Amino acid sequence: METAINITLPEDFHTLCSIYQIKPEVFVQSFIDQVSFPSFYSNPMGSNRWATFFFLNFLDIEESKYEVNEDLESQYLNLFNDAIRCNLDVNPEDMVKSVKGGREIMRRWLKAVLAERTKYIIDNL
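Quick notes on the rules
- Residues numbered from 1 in each chain as written.
- Predicted model: local features only at pLDDT ≥ 70, side-chain atom pairs only at ≥ 80, totals over all residues.
- Heavy atoms only, no water.
- Phe/Tyr/Trp six-rings, centres within 6.5 Å; stacked < 30°, edge-to-face > 60°.
- Helix = DSSP H or I, 4+ residues; strand = E, 2+ residues; numbered from the N terminus.
- Buried < 20%, exposed > 50% of the residue type's maximum accessible area, 1.4 Å probe, protein only.

K.L.:
Just checking my understanding: could you explain the packing of aromatic side chains for this structure?
P.N.:
Two aromatic rings are characterised by how far apart their centres lie and by the angle between their planes. Throughout the structure, instances matching the rule amount to 9 aromatic pairs. Between Phe31 and Phe54 the ring centres are 5.8 Å apart and the planes differ by 80°, which places this aromatic pair in the edge-to-face class. One end of the pair, Phe31, is in helix H2 (residues 24-33); the other, Phe54, is in helix H4 (residues 50-61), and 23 residues separate them in sequence. Looking at Phe31, the relative accessible area reads 29%, which means it is partly exposed. Ring geometry for Phe37 versus Tyr41: centroids 5.9 Å apart, planes at 85°, classification edge-to-face. Placement of the pair is Phe37 and Tyr41 together in helix H3 (residues 37-42), with a separation of 4 residues, close to one helical turn.

This is the structure:
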């Protein structure tokens with residue numbers, strides 16, 4: 001999915017990008033490419049977990065601003081954890097299968113969230 005966004009680059013970020021000759025859009029793309037629950041949980045010792053840590057920290061700090069059905073979240077996070085654990089227990093070296101299984105759970109979770117939101121909108125018309 002592609003989207004055009006406008007963001008304000010803080011001075012410190014802009015300065016560092018300029019010093020190292022990094023295009024801000026390349027850096028931001030690289031960062032968001034690493035936000036992944038499936039990869040995060042499938043590779044607990046991986047060095048590419050910082051973006052997802054940042055995302056989780058953002059959720060903790062901004063929790064009251066974003067509505068989420070906690071029952072649905074709990075249900076799918078449990079399914080997600082079970083899928084990841086099962087795949088890693090069967091073959092700990094097969095992170096690709098673990099990520100794929102986790103990603104499928106994430107797709108199902110998104111589908112359930114969108115269905116719930118649609119139902120809410122229809123019920124409140």
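There is more to say, and it comes next.
K.L.:
What's the story with the environment of Met95 in this structure? I'm lost.
P.N.:
Mapped onto the secondary structure, Met95 falls in helix H6 (residues 95-123). Judged by relative accessible area, Met95 falls into the partly exposed class, the value being 32%. Between the alpha carbons of Met95 and Ile84 there is a distance of 9.0 Å; along the sequence they are 11 residues apart.

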